[in-house]
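# Observations on the model geometry
Here is how the chains run, residue by residue.
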Amino acid sequence: MSSRPEPRLTPELLLHGYAQGVFPMAEGRDDPEIFWVDPRQRGVLPLDGFRISRSLARRMRRGGFEIVIDGDFEGVVAGCADRAETWINDEIFSLYAGLHRLGFAHSVEIRHEGELTGGIYGVTLGAAFFGESMFSRRTDASKLAMVWLVDRLRLGGFTLFDAQFLTPHLASLGFVETPRARYRAALARALEGRGDFLAPGPPAPAQEVLQRNGQTS
C-alpha cells in the first residue's frame, strides 16, 4: 500500500496554524524541511507597555528617514533572511509573499534616501499580529520600524502582538514572556476581534507618534 504524500503547505494552512498557536520554521536557508513550533513560553507585547527610550525619541525627532507601509514586503523578508543563520528558506519566503498578496501579511519599512535600511514584517489574523522577523542595516532602523508598527497596531484595534520568542532586545522594548496556556487564551480572544492594519492610513509624524504612545522612559 502506497503512503499518501503530505499536503503541501499553503498560505491558508499557514493561517490555520497561527490560529492554533503554532508557526513554521526551517533549520536553515538551504534546508527544504519546514516544521511547526509551539513554544512553552511566548514573547508578547502588552500594547500599552511599549517603551520608547529617550535616545530613540531623539532619533525619531531628528528625522532623516522615511516610514513606508507595505512598499516592498518581499524586500523586507529578504533583508530578514540576509544573515549567516536564518530560518527563512525559499518555501517560507514564497508562503509569506502569498500571505501578503492575500492581505494577511504586512511590513513596516525604514528608508534612508530611498534605500531600504530596516524593517519588520508579520501576519495579521483577527485582532492579532504575529511578528515574524526584523532587520536593520543602519543604527536604530529596526527600532524605528517597531515604534511605527506598535502605533499602527494600537490605532488599528489590535489586542495581541506576538513576537514568538523573547530576546533581551525585545525585553528592553517592553515585551514579556507568557506561558503557553495564557498565550492561547489571549489568542482566542484576539481571534474573535478584528484589527485593521491599513485603517490608520499613512504613517504619522514622529511627534504625533511620541505623544500618542505616552511618556518616554
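Treat the numbers as computed from the prediction; the structure is a model and nothing was measured. (Residues numbered from 1 in each chain as written. Predicted model: local features only at pLDDT ≥ 70, side-chain atom pairs only at ≥ 80, totals over all residues. Heavy atoms only, no water.)

## Quick word on the packing of aromatic side chains
Applied cut-off: Think of it this way: a Phe, Tyr or Trp ring, Trp meaning its six-membered ring, pairs with another when their centres are within 6.5 Å, and the plane angle makes it stacked under 30 degrees, edge-to-face over 60, tilted otherwise. By definition, any uninterrupted DSSP run of H or I lasting at least four residues is a helix, any uninterrupted run of E lasting at least two residues is a strand, and each is numbered from the N terminus. For every residue, the accessible area obtained with a 1.4 Å probe (protein chains only) is divided by the maximum for its type, and the residue is called buried under 20%, exposed over 50%, and partly exposed between those limits. Lysine and arginine charges are scored as sitting over a ring when NZ or CZ, respectively, is within 6 Å of the ring centre and within 35 degrees of the ring normal.
Following the criterion strictly, the structure yields eight aromatic pairs and no others. Judged by centre distance (5.2 Å) and plane angle (80°), the rings of Phe 161 and Phe 175 are edge-to-face. Taken together, the residues Phe 161 in strand β8 (residues 160–164) and Phe 175 in the loop between α6 (168–172) and β9 (176–179) connect sequence positions 14 residues apart. The same class applies to Phe 161 and to Phe 175, which are both buried. A network of ring pairs unites the aromatic residues Phe 129, Phe 161, Phe 175 and Phe 197 as a single cluster. Against the face of Tyr 183 rests Arg 42, its NZ or CZ located 4.1 Å from the ring centre. Geometry around Phe 197 places Arg 152 over its ring, the cationic atom sitting 5.6 Å from the centre.

## Looking at the nonpolar core
Keep this limit in mind: Within this scheme, the nonpolar core is defined by two criteria: the residues are buried Ala, Val, Leu, Ile, Met, Phe, Trp, Tyr or Cys, and they are joined through side-chain atoms within 4.5 Å. Whether two residues touch is decided by their heavy atoms; if any such pair falls within 4.5 Å, the residues are in contact.
Residues Met 60, Val 108, Met 146, Trp 148, Leu 149 and Phe 161 are the most contacted members of the largest nonpolar core, which totals 35 residues. Broken down by secondary-structure element, the contributors of at least two residues to this core are α2 (54–62), β4 (66–69), β5 (105–112), β7 (128–136), α5 (141–155), β8 and α8 (206–212). Here this core gets nine residues from one element, more than from any other, and that element is α5. When sequence neighbours within four positions are dropped, the list of residues in contact with Phe 161 reads Gly 43, Val 44, Leu 45, Leu 47, Phe 129, Gly 131, Met 146, Leu 149, Val 150, Leu 153 and Phe 175.

## So, the environment of Val 22
Residue placement: Val 22 occurs in the loop between α1 (11–20) and β1 (23–25). On a C-alpha basis, the gap between Val 22 and Arg 40 in space is 11 Å, while along the polypeptide they are 18 residues apart. Ignoring sequence-local partners within four residues, the contact set of Val 22 consists of Gly 17, Trp 36, Val 37, Asp 38 and Arg 184.

## Digging into unusual backbone geometry
Of note in the backbone geometry, Asp 70 takes a positive phi value of approximately 55° without being a glycine. Among the structural elements, Asp 70 can be located in the loop between β4 and α3 (73–81). In this structure, Gln 164 is a non-glycine residue whose phi angle is positive, near 75°. On the secondary structure map, Gln 164 appears in strand β8. For Gln 164, a relative accessible area of 5% corresponds to the buried category.

## Concerning the packing of α3 against helix α4 (residues 90–102)
We apply this condition: Throughout, an axis means a line fitted to C-alpha atoms (over the contacting stretch in the case of helices), and angles, computed between N-to-C directions, take values from 0 to 180 degrees. Should an angle fall under 35 degrees it is taken as roughly parallel, and over 145 as roughly antiparallel, whereas 65 to 115 is taken as roughly perpendicular and any remaining angle as oblique. Here is the rule for handedness: rotate from the far helix to the near one, and if that takes an anticlockwise turn smaller than a right angle the crossing is left-handed, while a clockwise turn gives right-handed.
It is at 10 Å that the axes of α3 and α4 come closest, and there the two elements cross at 150°. The angle between the axes of α3 and α4 places the two elements in the roughly antiparallel class. Read as a crossing pair, α3 and α4 show a hand that is right-handed. Along its contact with α3, which presents Phe 73, Glu 74, Val 77 and Ala 78, the element α4 presents Phe 93, Tyr 96, Ala 97, His 100 and Arg 101.

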